[in-house]
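Here's the letter readout for the chains.
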Amino acid sequence: MAGIAINSDVGEGFGAWGPADEGPLLDQVTAANVACGFHAGDPDILRRTCAASAARGVAIGAQVSYRDLAGFGRRFVDVPAPTLINELLYQMGALDVFARLAGSRISYVKAHGALYNVAARHGGHAAAIVEAVSLFDRRLPLLCQPRTEVWTRAVEAGLRPLAEGFVDRGYTDEGLLVPRSEPGALITDPDEAARRAVLMARTGTVVSVSGRTVDIAPQGGALAALCVHSDTPGAVAIAAAVRAGLAAAGIESRTPADVASPVAVESTASAASAGSTVGASGAGAVGGTEAGR
């Protein structure tokens with residue numbers, strides 16, 4: 001079968017705070033979701049994270065966020081869409097400089113935390129993400145979940161959404177992430193994470209916290225990426241187990257750009273129809289805190 005990307009959020013420090021060496025984690029993944037300064041990261045961290053990623057041949061992705069450094073980007077911010085677009089462009093532009101200095105480039109975009117989860121239901125903020133990517137470089141893939149507002153709008157705009165699964169996070173029966181404040185939100189056992197990764201890659205499904213098998217792949221397609229969060233306890237061991245488990249199952253670990261293909265994007269009509277079932281769009285569809293990531 002086609003390969004799959006393994007990505008992780010990195011560069012999530014600020015000043016003297018944060019991991020001093022993310023090399024062991026970068027050694028296990030194929031894509032680095034680099035914090036762009038709004039939920040974490042500063043110029044020094046952005047530069048060294050890009051350099052460390054490029055040295056390993058790890059793809060650099062812009063992980064954009066609400067402007068919420070104090071809350072680590074895990075709180076909903078009711079920012080007007082035009083301002084959000086500009087803030088996302090600002091973040092991508094900042095990371096782009098350091099990626100280029102490292103001899104690499106931004107090769108995909110992924111929202112962080114509350115923005116990722118809010119955009120699953122909030123039409124205005126989903127549209128802002130899609131507009132920002134389109135203005136920055138519409139060739140870039142956008143990592144997100146199928147049957148969400150952001151996926152639907154990305155397809156409608158002619159972008160390339162890539163379906164993502166989370167090996168270290170619990171799922172609801174609707175195929176969304178369990179809020180971190182609820183039981184079953186985190187998967188910390190490396191062997192369990194590896195088994196989930198193989199199941200996701202092979203079948204595009206995951207077992208929810210209620211025991212239901214849930215389809216998390218796009219219609220007619222497959223997952224393109226699997227995420228291991230760097231702040232999940234034992235993240236390095238989890239990432240290593242996932243990579244080894246995929247290899248044992250004959251599934252190659254690749255970068256997001258390597259697995260991007262038309263099969264990963266369902267038709268506009270089917271995406272729009274499915275997306276309408278996820279939840280109502282607009283600010284009233286979200287709460288004041290992050291829904292899952």
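Residues numbered from 1 in each chain as written. Predicted model: local features only at pLDDT ≥ 70, side-chain atom pairs only at ≥ 80, totals over all residues. Heavy atoms only, no water.

**Observations concerning the overall build of the protein**
In step 1: Secondary structure assignment for the protein yields ten helices and ten strands.
In step 2: Burial statistics for the protein: of 293 residues in total, 57% are counted as buried.
In step 3: For the protein, the proportion of contacts with a sequence separation of at least 24, taken over those separated by at least 6, is 76%.
In step 4: In the structure as shown, the protein presents an accessible area of about 11,100 Å², 53% of it carried by carbon and sulfur atoms. (Helix = DSSP H or I, 4+ residues; strand = E, 2+ residues; numbered from the N terminus. Buried < 20%, exposed > 50% of the residue type's maximum accessible area, 1.4 Å probe, protein only. Contact = heavy atoms within 4.5 Å. Areas by Shrake-Rupley, 256 points an atom, 1.4 Å probe, with all protein chains shown as cover.)

**With respect to the nonpolar core**
In step 1: If you look at the biggest cluster of nonpolar residues, it comprises 71 residues, and the most contacted ones within it are L95, L142, V167 and L246.
In step 2: The element contributing the most residues to this core is helix α3 (residues 81–101), with seven residues.
In step 3: Ignoring anything within four residues of it in the chain, the contact list for V167 reads I187, A193, R196, A197, M200, L226, C227, V228, I238 and V242. (Core = buried A, V, L, I, M, F, W, Y, C linked by side-chain atoms within 4.5 Å.)

**Some points on the pairing of strand β1 (residues 4–10)**
In step 1: Taking burial as the measure, the seven residues of β1 include seven buried ones, the bulk of the element.
In step 2: Because side chains alternate across β1, one face comprises the buried residues I4, I6, S8 and V10, and the other comprises A5, N7 and D9, equally buried.
In step 3: Sheet topology note: the β1/strand β10 (residues 253–254) ladder contains two bridges and is parallel. Bridging across to β10, I4 finds its partner in S253.
In step 4: In this sheet, strand β9 (residues 225–227) lies alongside β1 in parallel orientation, the contact comprising three bridges. Pairing of I6 across the sheet is with L226, part of β9.
In step 5: One ladder, built from four bridges, connects β1 with strand β2 (residues 31–35); its direction is parallel. Along β2, the bridge assignment pairs N7 with A31. (Pairing = 2+ DSSP bridges.)

**Here we look at the environment of A111**
In step 1: Within the secondary structure, A111 is located in strand β4 (residues 106–111).
In step 2: We classify A111 as buried; its relative accessible area is 5%.
In step 3: Each C-alpha atom, one on A111 and one on Q63, is 5.3 Å from the other, the two residues being 48 residues apart in sequence.

**Quick word on the side chain of D96**
In step 1: Turning to its location among the elements, D96 is positioned in helix α3.
In step 2: Owing to a relative accessible area of 15%, D96 belongs among the buried residues under this scheme.
In step 3: Those residues in contact with D96 that lie beyond four places of it in its chain are I106 and F136.

**Observations concerning the packing of helix α5 (residues 123–137) against helix α6 (residues 149–156)**
The description of two packed helices rests on the angle between their axes and on the distance between the axes.
In step 1: Across the interface, α5 lies against α6 with an axial gap of 9 Å and an inter-helix angle of 45 degrees. Our classification of the angle between α5 and α6 gives oblique. Taken as a pair, α5 and α6 cross one another with a handedness that is right-handed. Of the residues in α6, those touching α5 at G123, A126, A127, I129 and V130 are E149, V150, R153 and A154.
In step 2: Residue composition of the contact of α5 with α6, by class: six nonpolar, one polar and two charged. (Axes fitted to C-alpha atoms, helices over the stretch in contact; angles between N-to-C directions. Parallel < 35°, antiparallel > 145°, perpendicular 65-115°, else oblique. Left-handed = near helix turned anticlockwise from the far one by under 90°. Nonpolar A, V, L, I, M, F, W, Y, C, P; charged D, E, K, R; others polar.)

Purely spatial values, then, with no claim about function.
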